[in-house]
Amino acid sequence: MATNNEAVVEIAQAAGKFTSSIVLQADNKYIDVKSILGLFTTLVNTKSYELHVHGPDADEAKKAMSEVFAKHGLNVKLVED
């Protein structure tokens, strides 16, 4: 499943609003969600993702990121650690 540019840009923009570290784990790769290039190379090839969020606004970031992934039909699991 190829991901459209709109999804990548929206995910990166949503992540950019937060100071928290937001990292997407896809297979064995870790991608900074604020990196559009990283998202382009990752979202295309993988079916399931794990999201690691750490920082002062992590709760808000988790909610926002879950919504934007869901909006584009991407299956993401928030990792609580």
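Right, let's walk through the structure included here. In this text, all values refer to a predicted model and were calculated from it rather than measured experimentally.

What to know about the packing of aromatic side chains
For any pair of aromatic rings, geometry is given as the distance between the ring centres together with the angle between the planes.
Piece 1. Counted by the stated rule, this structure contains 1 aromatic pair.
Piece 2. On the basis of an interplanar angle of 50 degrees and a centroid distance of 6.3 Å, the ring pair of Tyr49 and Phe69 is categorised as tilted. You can see Tyr49 sitting in strand E3 (residues 48–54) and its partner Phe69 sitting in helix H3 (residues 58–71), a full 20 residues away along the chain.
Piece 3. Taking the relative accessible area as the measure of exposure, Tyr49 reaches 2% and is therefore buried.
Piece 4. Relative accessible area serves as the criterion here: at 0%, Phe69 is assigned to the buried category.

Remarks on the environment of Ile31
Piece 1. Tracing the chain through its elements places Ile31 in strand E2 (residues 29–32).
Piece 2. The class of Ile31 is buried, set by a relative accessible area of 11%.
Piece 3. With sequence-adjacent residues up to four places away left out, Ile31 is seen in contact with Ile22, Val23, Leu24, Gly38, Leu39 and Thr42.

Some thoughts on the nonpolar core
Piece 1. Counting residues in hydrophobic clusters, the biggest one holds 23 residues, and the most contacted among them are Leu24, Met65 and Phe69.
Piece 2. For this core, the elements supplying multiple residues, two or more each, are helix H1 (5–16), strand E1 (21–26), helix H2 (36–43), E3 and H3.

Some details on the pattern of salt bridges
Piece 1. One pass over the full model with this rule turns up 4 salt bridges.
Piece 2. With a closest N to O distance of 3.5 Å, Glu50 and Lys77 form a salt bridge. Here Glu50, found in strand E3, pairs with Lys77, found in strand E4 (residues 75–78); they are 27 residues apart in sequence, far enough to count as distant.
Piece 3. Overall, Glu50 belongs to the partly exposed group, its relative accessible area being 27%.
Piece 4. Note that Lys63 and Glu67 form a salt bridge whose closest N and O atoms lie 2.8 Å from each other. Note that Lys63 and Glu67 are positioned in helix H3 at a spacing of 4 residues, about one turn of the helix.

Reading guide: rules and limits
Residues numbered from 1 in each chain as written. Predicted model: local features only at pLDDT ≥ 70, side-chain atom pairs only at ≥ 80, totals over all residues. Heavy atoms only, no water. Phe/Tyr/Trp six-rings, centres within 6.5 Å; stacked < 30°, edge-to-face > 60°. Helix = DSSP H or I, 4+ residues; strand = E, 2+ residues; numbered from the N terminus. Buried < 20%, exposed > 50% of the residue type's maximum accessible area, 1.4 Å probe, protein only. Contact = heavy atoms within 4.5 Å. Core = buried A, V, L, I, M, F, W, Y, C linked by side-chain atoms within 4.5 Å. Salt bridge = Lys/Arg side-chain N within 4 Å of Asp/Glu carboxyl O.

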